[in-house]
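# Architecture and fold: a report
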Amino acid sequence: DEAEKNHKNINSAIDGFLKAGYRLIKTPLAEFEDSFTPESDNYFQAVDVISGKNLVFRNDITPQISRLLSSRLQEEKLPLKICYSGDVLCAKSDELYKDRQQTQVGLEIIGCNAEESNFEIIENLLTTLKKLLDKNQKKDLVIEFSLPNFLEIFFSELKIQNREELRAAIIQKNISQVRELSGKNSDIINKIMLSNNDLKGLVKEISTKIKSQKIIDEMKKAQKISDFLTKDFPEVRVCFDLFGDRNSTYHNEIAFDVFCGDFSYPVARGGRYKTSNIDAIGATIYINRLRKIA
């Protein structure tokens, strides 16, 4: 039953991406260590019996696309729209289900920094998830956005000291420690940390208390995403964790997680990033997690 459910979900997602104009790509499961740039140390290694070199098994597909773009795909015309499916291997898992072999299905737009590409990826992702979920689960979709650059911009514009300690406290949502470390800025920082459902109210309050064009620009970016979702996906609940939680080391500008109901882990994740100094945005669906609920 699980194998058939996975097969159905993967094929349905990929068929939808192909119809939307994305090209399918397959990346290798194993690579030589000298060409591998890990985002974390959570990967398996082996030794190639022919060359004697170390091999690394992928634990994420998106970084592989970045490496391909600087080699075999460098002659491709941009923007490049691609989709993929494949398994990744994680050396350890802190999740309840402990799946170390996981299946990812995703899509990317590479070489386009226009706002429209953000909306296109999100639209295709949510449309696909709605196809894979049943009638009741569709109503339980929640998308949470963060602005990965916002915290550093906030620190710089307000000239905040003891940044490392405060950054850790904010990411851990430690309200008492934030209050202790941030002094006069504690109220607005805690407000940003906790007010993740009322974006308009939060934008208004920040604009009143902080006179910074860079921060206002970040707020406008968040507001545009919220307006787009409210108009095109009114049934999906939108919330914001503007400071983010640093789950991804390579996203910038915007990042997002999609949850379904009471399930603890995101069923999809995405955001903007740079690959070979080229702007890109993508999203990944976690098929193993989706199987638990769909």
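Note that this is a predicted model, so its numbers are computed, not measured.

### Focus: the packing of aromatic side chains
Within this structure, the stated rule accounts for 9 aromatic pairs. Consider the rings of Phe228 and Phe233, whose centres lie 6.4 Å apart with planes at 70°: the pair is edge-to-face. You can call Phe233 buried: its relative accessible area is 5%. Grouping aromatic residues by their ring pairs yields a cluster made of Phe119, Phe228 and Phe233. Residue placement shows Lys53 over the ring face of Phe32; its charged tip is 5.3 Å from the ring centre.

### Points about the sheet that holds strand β6 (residues 101-110)
The strand order β1-β5-β6-β11-β10-β9-β7-β8 describes an open sheet built from 8 strands, whose pairing is mixed. The outermost strands of the open sheet, each flanked by one partner alone, are β1 (23-24) and β8 (237-240). Summarising the sheet, β1 and strand β5 (residues 80-89) pair through 2 bridges and their orientation is parallel. Across the sheet, residue Arg23 finds its bridge partner in β5, namely Ile82.

### Thoughts on the pairing of strand β4 (residues 54-57)
Consecutive side chains along a regular strand alternate between the two faces of the sheet. Sheet analysis places strand β2 (residues 30-32) next to β4, joined by 3 bridges and oriented antiparallel. Residue pairing for β4: Ala30 is matched across the bridge by Phe57. As paired strands, strand β3 (residues 45-47) and β4 are joined by 3 bridges and run antiparallel to one another. Across the sheet, the residue bridging to Ala46 is Leu55, located in β4. Here β3 folds back onto β4, and the loop between the two strands holds 6 residues, one of which, Gly52, carries a positive phi near 80°.

### Description of the sheet that holds β3
On the basis of which strands lie adjacent, the open sheet formed by 3 strands has the order β2-β4-β3 and antiparallel pairing. At either margin of the open sheet sits one strand with a lone partner, and together these are β2 and β3. Adjacent strand axes in the sheet meet at a mean angle of 35°, parallel and antiparallel pairs treated alike.

### Details of the side chain of Ser226
Checked against the element boundaries, Ser226 lands in helix α10 (residues 213-232). Sequence-distant contacts of Ser226, that is, excluding residues within four places in its chain, are made with Leu199 and Phe240.

### Topic: the pairing of β5
Taken across its 10 residues, β5 has 8 buried, putting it largely inside the fold. Where β5 meets β6, 10 bridges bridge the pair, whose relative direction is antiparallel. By the bridge assignment, Cys83 is partnered in β6 with Leu107.

### Some remarks on the pattern of salt bridges
Evaluated as defined, the whole model comprises 18 salt bridges. A salt bridge links Arg291 to Glu2, with the nearest nitrogen and oxygen atoms 3.6 Å apart. Placement of Arg291 in helix α11 (residues 287-293) and of Glu2 in helix α1 (residues 2-19) is noted, with a sequence separation of 289 residues between them. Of the charged contacts in the structure, one is a salt bridge between Asp187 and Arg179, with a shortest N-O distance of 3.3 Å. For Arg179, a relative accessible area of 43% gives the class partly exposed. Salt bridges here are not isolated pairs; linked through shared partners, they connect Glu152, Glu164 and Arg167.

Rules behind the numbers
Residues numbered from 1 in each chain as written. Predicted model: local features only at pLDDT ≥ 70, side-chain atom pairs only at ≥ 80, totals over all residues. Heavy atoms only, no water. Phe/Tyr/Trp six-rings, centres within 6.5 Å; stacked < 30°, edge-to-face > 60°. Buried < 20%, exposed > 50% of the residue type's maximum accessible area, 1.4 Å probe, protein only. Lys NZ or Arg CZ within 6 Å of the ring centre and 35° of its normal. Pairing = 2+ DSSP bridges. Helix = DSSP H or I, 4+ residues; strand = E, 2+ residues; numbered from the N terminus. Axes fitted to C-alpha atoms, helices over the stretch in contact; angles between N-to-C directions. Contact = heavy atoms within 4.5 Å. Salt bridge = Lys/Arg side-chain N within 4 Å of Asp/Glu carboxyl O.

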